[in-house]
Amino acid sequence: MVQKSETIWFDGKQVPWDEANVHVLTHALHYGVGVFEGIRAYRCADGSSAVFRLREHVQRLFSSAKILRMEIPFTEDAIFDAIVETLQRNRLAEGYIRPLSFVGAGAMGVYPGDNPVQTIIAVWPWGAYLGAEALEKGIRVKTSSFARHHVNAMMTKAKASGNYVNSVLAKMEAKADGYDEALMLDVSGFVSEATGENIFMVRNGVIKTTPLTSILDGITRNSLMTLARDLGYEVVEQQFTRDELYVADEAFFCGTAAEVTPIREVDRRVIGKGSAGPVTKHLQQEYFKAVKGDNPSYDHWLHRYAL
Ligand SMILES: Cc1[nH+]cc(COP(=O)(O)O)c(CN[C@@H](CCC(=O)O)C(=O)O)c1O
């Protein structure tokens, strides 16, 4: 259960958490036309708090809306400021931020017509997405029987609500079969991403990640590619197959919620030594230093705020 905060920003106003409701004939509830973001704020050593790559997340929210032909009736700056305001209003020094813009109630039927686009921003404390042990020991993964979206069926550069039915089906299957997460292949059978994360593998010293085809253009993925290259690693964006993953030295998922989560097993093949490898651990450490303001080289990624 989500730990409640006091208020949710709803179309420009802070409303009490339990009063942030919509009508059951809200178009997005029936047809999935909504766009959202997952953003984290971290407590920094100097006592301030910082939102990680807030500008990029807000830009992606508006890009997602553009792809879905939705007009969010606020400027990017207004949403940027509203996110900070909501963190401060709820006195959240560290936690998760969920902006969502969605097609509201009005006409029913597939065509959204001139139904209003509504926007909410909720914030709440959220620890390790896949469990505290996962960050340290790694997780067990199964290749999903569900393919990731065909790039001309669903728009995967949009973080669209409706895209996540595919993710939910894959996640439920993996959990029901006793695994922690699902690995999703694209319609051609190449490795795509997980239900809510991007994927990296390390083999013979080279760090490899899926090219931007069937996957969400992850901000954590982008940050880790920069961090890894700044640390002198070779990083390539290249298609790879499940069996190349099986024989990788290391592998990990990444995302705002998942942060950097090592993969210790895929389809009952132990990856490397079956625990977080040295490159994974190095990148995980550097990622947490960057998001918590402990590495001044990445201060431009942080929007600091005080409560
Ligand atoms: C499909 C997918 N792929 C990759 C990513 C990583 O993107 P980024 O956060 O920009 O690095 C996410 C974020 N998943 C968000 C939602 C998770 C949820 O369960 O809801 C998140 O990590 O907040 C995805 O949902």
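Residues numbered from 1 in each chain as written. Predicted model: local features only at pLDDT ≥ 70, side-chain atom pairs only at ≥ 80, totals over all residues. Heavy atoms only, no water.

**Side note on helix 8 (residues 278–291)**
For clarity, the threshold we go by: Secondary structure counts use DSSP, requiring at least four H or I residues in a row for a helix and at least two E residues in a row for a strand, with both numbered from the N terminus. A helix's residues, less one, multiplied by 1.5 Å, set its expected span. In this scheme, a residue with accessible area under 20% of its type's maximum is buried, one over 50% is exposed, and one in between is partly exposed, where area comes from a 1.4 Å probe on protein chains only.
Its 14 residues give helix 8 an end-to-end C-alpha distance of 20 Å, which sits within 8% of 20 Å, the value for a rise of 1.5 Å per residue. Looking at helix 8, one finds that the buried residues are Val279, Thr280, Leu283, Gln284, Glu286, Tyr287, Phe288, Ala290 and Val291. Directly after helix 8, the chain includes glycine 293, whose backbone phi takes a positive value near 75°.

**Description of the layout of surface pockets**
Worth spelling out the cut-off: Here the term cavity refers to a set of points on a 1 Å grid, laid over the protein atoms alone, in which a 1.4 Å probe fits but cannot get out; the term pocket refers to an open set having protein on both sides within 12 Å along at least five of seven lines, with lining residues being those that place an atom within 4 Å of a point. Grid points are joined across faces, edges and corners, and a volume is the space filled by probe spheres set on the points. Charged residues are taken to be Asp, Glu, Lys and Arg, nonpolar residues to be Ala, Val, Leu, Ile, Met, Phe, Trp, Tyr, Cys and Pro, and polar residues to be all remaining types, Gly included. By convention here, the domain bounds are inherited from an automatic or database domain assignment.
Space inside the largest pocket adds up to approximately 1,100 Å³. Taken together, 48 residues form the lining of the largest pocket, with Phe36, Tyr96, Arg98, Leu100 and Lys159 sitting closest to its centre. Split by residue class, the lining of the largest pocket holds 25 nonpolar, 16 polar and seven charged. Both domains that furnish three or more residues to the lining of the largest pocket are identified here as domain 1 (7–124) and domain 2 (132–291).

**As for the confidence of the model for the chain**
For the record, the criterion: Confidence scores per residue from the predictor, reported as pLDDT, run from 0 to 100.
Per-residue confidence for the chain averages 97 on the pLDDT scale, and 100% of its residues sit at or above 70. Predicted confidence in the chain is weakest over helix 4 (residues 132–137), with a mean pLDDT of 92, and strongest over strand 3 (residues 34–36), with 99. What the predictor reports for the complex is a pTM of 0.98 with an ipTM of 0.99.

**Describing the domain arrangement of the chain**
Defined as follows: Any two residues having at least one pair of non-hydrogen atoms within 4.5 Å are treated as being in contact. Summed over both partners, the accessible area lost on bringing two parts together, with a 1.4 Å probe, is the buried area. Throughout this description, the term salt bridge denotes a Lys or Arg side-chain nitrogen within 4 Å of a carboxyl oxygen of Asp or Glu.
Under the domain assignment, the chain is made up of domain 1 (7–124) and domain 2 (132–291). The C-alpha centroid of domain 2 is placed 26 Å from the C-alpha centroid of domain 1. At the interface, 19 residues of domain 1 touch 20 residues of domain 2. Roughly 1,700 Å² is buried in total at the junction of domain 1 and domain 2, and carbon and sulfur atoms are behind 62% of that figure. Seen at the junction of domain 1 and domain 2, the total is one salt bridge. Measuring nitrogen to oxygen at the nearest pair gives 3.7 Å for the salt bridge that ties glutamate 259 to arginine 40.

**Some points on the site of the ligand**
Operational definition: Proximity is defined per residue: if any heavy atom of the residue lies within 4 Å of a molecule or strand, that residue is considered near it. Side-chain atoms alone can form a polar contact between residues adjacent in sequence; in general such a contact is a pair of N or O atoms within 3.5 Å, and within protein one must be able to donate a hydrogen while the other accepts it. Only the protein chains shown count as cover for residues, with accessible areas throughout obtained via the Shrake-Rupley method and a probe of 1.4 Å. In this scheme, a molecule is assigned to a cavity or pocket if more than half of its atoms are within 2 Å of the grid points.
The local shell around the ligand holds 21 residues, among which Tyr96, Tyr129, Tyr164, Glu193 and Thr220 are the closest. Within the side chain of threonine 220, an N or O atom sits 2.6 Å from an oxygen atom of the ligand. Its free accessible area being 550 Å², the ligand has 93% of it covered by the protein chains. With respect to the pocket detection grid, the ligand is positioned in the largest pocket. Counting residues per element, the ones that place at least two in the shell around the ligand are strand 6 (95–103), helix 6 (219–230) and strand 14 (250–255). In the shell around the ligand, the residues fall into seven nonpolar, eight polar and six charged. Here the shell around the ligand spans two domains, and each of domain 1 (7–124) and domain 2 (132–291) adds at least three residues to it.

**Let's talk about a nonpolar patch on the surface**
Convention followed: Like charges within 9 Å and nonpolar side chains (Val, Leu, Ile, Met, Phe, Trp, Tyr) within 5 Å are joined into patches, using only residues over 30% in relative accessible area that form no salt bridge.
A cluster of nonpolar residues, Val24, Leu25, Leu29, Tyr31, Met108 and Val110, forms a patch on the protein surface that exposes about 590 Å² of accessible area. Secondary-structure assignment places leucine 29 in helix 1 (residues 27–31).

**A word on the pattern of salt bridges**
Scanning all chains against the criterion turns up 18 salt bridges. We note a salt bridge from aspartate 18 to lysine 4, for which the minimum N-O separation is 2.9 Å. With aspartate 18 in the loop between strand 2 (13–16) and helix 1 and lysine 4 in the segment before strand 1 (7–10), this residue pair connects regions lying 14 residues apart in the sequence. In this structure aspartate 18 comes out as exposed when scored by relative accessible area, which is 52%. Put simply, glutamate 193 and arginine 148 hold a salt bridge, and the shortest N to O gap is 3.0 Å. Remark: arginine 148 occurs in the loop between strand 8 (139–143) and helix 5 (164–176) and glutamate 193 occurs in strand 10 (residues 191–194); sequence separation between them is 45 residues. For the pair formed by glutamate 193 and arginine 148, the shared burial category is buried. Taken together, the shared-partner salt bridges in this structure form one network comprising Asp46, Asp299 and Arg304.

**Regarding unusual backbone geometry**
Here the phi dihedral of arginine 91 falls at roughly 50°; this positive angle occurs in a residue that is not glycine. Inspection of the secondary structure puts arginine 91 in the loop between helix 3 (76–89) and strand 6. For arginine 91, a relative accessible area of 58% translates into the label exposed. In the Ramachandran plot, arginine 268 falls in the positive-phi region, its phi being about 65° despite a non-glycine side chain. Along the chain, the position of arginine 268 falls in the loop between strand 15 (259–266) and strand 16 (269–270). Under the relative-accessibility criterion, arginine 268 is labelled exposed at 63%.

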